[in-house]
Amino acid sequence: MSALDVLDWRRRVHALYARVRAETDPAQAHAAWVAERDELFRTHPASPVPAVDGVRAGLRHAPYDPSLRFVAPVDTDVDPHRLEVQTATDGLVPFERVGRLHLPVGDLDVWWLDSYGGGVFVPLKDASAGRATYGGGRYLIDTVKGADLGGTPADGLVVDLNFAYNPSCAYDSAWACPLAPPGNTLATDVSAGELLPPTPERR
């Protein structure tokens, strides 16, 4: 994997989310997202999925559930809080809490990446973690990586739990990823989005 491989990967992810935002049918947008991500993770040289005998496993997703798509304003009336995540690959990654999303399934903190470029970050860890989904939690919004479903801060961000996806560290321990802090942990089971990475018995 080269730097140019990563460049191509990120361009393709950004373009994919642009198509998702442009699609008027959320279920069709989700189907396209699932299909293209599966292809990327199976075939792209920058995929975080390790190859076994030259073959990478595809991804697993729950069926689309339209009841788990929300448009939620960002409540900015929150106490300031700084989160610093030490990673082996990117050093100390700082986040500032800038708001909270109030969803029917529970509240989620909204974080701002407080380093070069910045970006909005909303992770999620629900009751399915470690059982049906990755134990460390998943990501809903990560604008640095292009994971942005649209909306506006004033009218509300599109928060579709069907688009929850695993961080790279779910596939390979060589990656170190910021995981969901307490303010992004839900007691409910979110049966949507990307499931546990495939293993030989789950393929």
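Residues numbered from 1 in each chain as written. Predicted model: local features only at pLDDT ≥ 70, side-chain atom pairs only at ≥ 80, totals over all residues. Heavy atoms only, no water.

(A) Region of the structure containing helix α2 (residues 26-43). Counted at 1.5 Å a residue, the expected span for α2 with its 18 residues is 26 Å, and the 26 Å between its end C-alpha atoms agrees. Those residues of α2 not exposed but buried are Ala29, His30, Trp33, Glu36, Arg37, Asp38, Leu40 and Phe41. Where α2 is buried, its residues touch α1 (3-22). Backbone nitrogen of alanine 27 and a side-chain oxygen of the N-cap are separated by 2.9 Å at the start of α2; the cap is aspartate 25. (Helix = DSSP H or I, 4+ residues; strand = E, 2+ residues; numbered from the N terminus. Expected span 1.5 Å × (residues − 1). Buried < 20%, exposed > 50% of the residue type's maximum accessible area, 1.4 Å probe, protein only. Contact = heavy atoms within 4.5 Å. Polar contact = N/O pair within 3.5 Å; in protein donor to acceptor, adjacent residues only side chain to side chain.)

(B) Local environment of the packing of aromatic side chains. Tallied over the entire structure, the rule returns 6 aromatic pairs. Where phenylalanine 41 meets tyrosine 171, the ring centres are 5.4 Å apart and the plane angle is 50 degrees; that geometry is what we call tilted. Residue phenylalanine 41 is found in helix α2, and its partner tyrosine 171 is found in the segment after β9 (156-160); the two are separated by 130 residues along the sequence. Using a relative accessible area of 6% as the deciding quantity, one classes phenylalanine 41 as buried. Its relative accessible area of 12% is what places tyrosine 171 among the buried residues. Among the aromatic side chains, those forming a connected cluster through ring pairs are Phe95, Phe121, Tyr139 and Tyr165. (Phe/Tyr/Trp six-rings, centres within 6.5 Å; stacked < 30°, edge-to-face > 60°.)

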